[in-house]
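This is what each chain is made of:
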Amino acid sequence: MELTRIRRTMLVVLGAVLTVGGCTSGTADKASGAAGAPATPAAAGTAAILTMDDITAVFENGATVPQYAYITDLHDGCGYTAGWIGFCSQSGDMLGLVKSYNAAAPHNVLAKYTAVLQRLADSGSEDTGALGEAFVRDWKKAALDPTFRRLQIQVGHDTYLTPAVKLGAQEGVKSELGLENLFDTALMMGQNSDDCDGMVKIAHETDETLGGSPASGVNEAKWLARFNTVRQKHMKHPCTPDRQHDWPQAVDRSQALQELADRGEWDLKAPLTVSADFKTTISRPQD
């Protein structure tokens, strides 16, 4: 099964819900060195990617580092939600992670659940009883293994960051913060062109409203602000099934990223405060 699914919002902390392009012809507003615009192209280096991972941890678990041992049944149709980005037993991405773990460590503590995870993914079942409480304990044991932690990051990057980087190159997004916006949108709302509320759809709508993209000369700060406006519209009125309740409560996720742009935090250098309702500072980025 393809490693893909639409993300949910996961926690409530301090009252806050935590949680391909191309140039179009038209009268694009040309980059003019406007205040707040990114000054240099992004290399998306190791430090920035570590910060992106920690921003995900803030949004997903209210923590400043990835929570590999996290696992719970949120009763949101996804079965068990677990790990750094909330791998789901219902959708198949948890299965994909466990299969990767099996390949790297065949005798791992989660290997015995592979057949059950396969059955749940094939049927789209949210049943957690088939895995049982022992699975929760074993997931937490697996999270002590550096190999399993590394694979959680790797699978998350392969599934969501890689498509974000590809789309960013097509759209002409050059800042680390711009890439983070694409990454978070892909992770939460979908990374594929057929996701009706996903990253690609939102980027296309942004291009259409501005008459172009940064690749065709639109100022990146202006493009990103419009991207967040369009994203919030999709979050408040999603066409994705079963997201009508939780996504409208998660607009602070997009708002927090826009506030970083408003403060000129284009390179995501620490210390970095994630504002909106999160009010969390990432002091030392780490996986």
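What you are looking at is a predicted structure, and each value in this text was computed from that prediction instead of being measured. (Residues numbered from 1 in each chain as written. Predicted model: local features only at pLDDT ≥ 70, side-chain atom pairs only at ≥ 80, totals over all residues. Heavy atoms only, no water.)

K.L.:
Honestly, the overall build of the protein in this entry has me stumped. Any pointers?
P.N.:
Per the secondary structure count, the protein includes nine helices and seven strands. Counting across all 287 residues of the protein, residues that qualify as buried make up 55%. Taken as a whole, the protein presents about 11,600 Å² of accessible surface, with 53% of it coming from carbon and sulfur. (Helix = DSSP H or I, 4+ residues; strand = E, 2+ residues; numbered from the N terminus. Buried < 20%, exposed > 50% of the residue type's maximum accessible area, 1.4 Å probe, protein only. Areas by Shrake-Rupley, 256 points an atom, 1.4 Å probe, with all protein chains shown as cover.)

K.L.:
Honestly, the packing of helix H1 (residues 46-61) against helix H5 (residues 146-171) in this entry has me stumped. Any pointers?
P.N.:
When two helices pack together, their arrangement is captured by the angle between the axes and the distance separating the axes. As a packed pair, H1 and H5 sit with axes 12 Å apart at the nearest point and diverge in direction by 95°. If you check the angle between H1 and H5, you find them roughly perpendicular. Mapping the contact onto sequence places Ile49, Met52 and Asp53 in H1 and Ile153, His157 and Leu161 in H5. Residue composition of the contact of H1 with H5, grouped by class: four nonpolar, one polar and one charged. (Axes fitted to C-alpha atoms, helices over the stretch in contact; angles between N-to-C directions. Parallel < 35°, antiparallel > 145°, perpendicular 65-115°, else oblique. Contact = heavy atoms within 4.5 Å. Nonpolar A, V, L, I, M, F, W, Y, C, P; charged D, E, K, R; others polar.)

K.L.:
Quick question: what am I supposed to make of helix H2 (residues 93-104) here?
P.N.:
The α-helix advances 3.6 residues per turn, and as a result positions three or four apart in sequence lie on the same side. Look at H2: 17 Å from first C-alpha to last across 12 residues, which is about the 16 Å you get at 1.5 Å a residue. Among all positions of H2, only Asp93, Met94, Leu95, Gly96, Leu97, Val98, Tyr101 and Asn102 are buried. If you follow the buried residues of H2, they end up packed against strand S4 (80-82), strand S5 (87-88), helix H3 (114-123), helix H4 (132-142) and H5. (Expected span 1.5 Å × (residues − 1).)

K.L.:
Got a minute to help me understand the state of the cysteines in this structure?
P.N.:
Here, the word disulfide means a covalent bond between the sulfur atoms of two cysteines. Using the criterion set out here, one finds one disulfide in the structure. Covalent S-S linkage joins cysteine 196 and cysteine 239, the inter-sulfur distance amounting to 2.0 Å. One quick way to see it: the torsion about the S-S bond of cysteine 196 and cysteine 239 is about 135°, and its sign makes the bridge right-handed. Taken together, the positions of cysteine 196 in the loop between helix H6 (176-189) and helix H7 (199-210) and cysteine 239 in the loop between helix H8 (220-236) and helix H9 (251-262) put the pair 43 residues apart, joining distant regions of the chain. Free of any disulfide, cysteine 78 has its nearest neighbouring cysteine sulfur in cysteine 88, separated by 3.7 Å. On the accessibility criterion, cysteine 78 (6% relative accessible area) is buried. (Disulfide = S-S within 2.5 Å.)

K.L.:
What's the story with the nonpolar core in this structure? I'm lost.
P.N.:
Side chains that are nonpolar tend, in soluble globular proteins, to be buried together. With 72 residues, the main nonpolar core has Leu110, Phe135 and Trp139 as its most contacted residues. Setting aside anything within four residues of it in sequence, one finds leucine 110 in contact with Val98, Tyr101, Phe135, Asp138, Trp139, Ala142 and Phe148. (Core = buried A, V, L, I, M, F, W, Y, C linked by side-chain atoms within 4.5 Å.)

K.L.:
Looking at this model, I keep getting lost on the pattern of salt bridges. Mind explaining?
P.N.:
Opposite charge on two side chains lets them pair, provided their charged atoms get close. On inspection of all chains with the given rule, the structure shows 10 salt bridges. For lysine 201, the salt bridge identified is with glutamate 205, shortest N-O distance 3.5 Å. Placement of both lysine 201 and glutamate 205 in helix H7 is noted, with a separation of four residues, approximately one turn of the helix. Here glutamate 205 and lysine 233 are joined by a salt bridge, their closest N and O atoms 3.3 Å apart. With glutamate 205 in helix H7 and lysine 233 in helix H8, this pair connects stretches of sequence that are 28 residues apart. Residue classification places lysine 233 among the partly exposed residues on the basis of a relative accessible area of 46%. Overlapping salt bridges bring together Glu60, Asp184, Arg231 and Arg253 as one network. (Salt bridge = Lys/Arg side-chain N within 4 Å of Asp/Glu carboxyl O.)

K.L.:
Help me understand the sheet that holds S4 in this model?
P.N.:
Hydrogen bonds along the backbone pair up the strands of a sheet, which may run parallel or antiparallel. Strand order across the open sheet formed by three strands is S3-S4-S5, with antiparallel pairing between neighbours. Looking at the sheet topology across the chains shown, the edges are occupied by strand S3 (71-73) and S5. Across two bridges, the pairing between S4 and S5 is antiparallel. When the sheet's bridge partners are listed, alanine 82 is paired in S5 with phenylalanine 87. Of the strands in this sheet, S3 and S4 are in contact with H4, which crosses S4 at around 5°. (Pairing = 2+ DSSP bridges.)

K.L.:
So what exactly am I meant to see when it comes to H8 here?
P.N.:
With 17 residues, H8 extends 24 Å between its outermost C-alpha atoms, agreeing within 8% with the 24 Å of an ideal straight helix rising 1.5 Å per residue. Along H8, the residues that are buried comprise Glu220, Ala221, Trp223, Leu224, Phe227, Asn228, Val230, Arg231, Gln232, His234 and Met235. Contact partners of the buried residues in H8: H5, H6, H7 and H9. In this structure asparagine 219 caps H8, since a side-chain oxygen of it lies 2.9 Å from the backbone nitrogen of alanine 221. (Polar contact = N/O pair within 3.5 Å; in protein donor to acceptor, adjacent residues only side chain to side chain.)

K.L.:
Sorry if this is basic, but what is going on with unusual backbone geometry here?
P.N.:
What you tend to see is this: most non-glycine residues have negative phi, and most peptide bonds are trans. The amide bond that connects alanine 270 to the next residue, proline 271, takes the cis arrangement and shows omega of 0°. Summarising the element assignment, proline 271 is placed in the loop between H9 and strand S6 (272-274). A positive phi angle, close to 70°, is found at aspartate 242, a residue other than glycine. Checked against the element boundaries, aspartate 242 lands in the loop between H8 and H9. For aspartate 242, a relative accessible area of 61% puts it in the exposed group. Phi angles above zero are rare outside glycine, and leucine 268 is one such case at about 55°.

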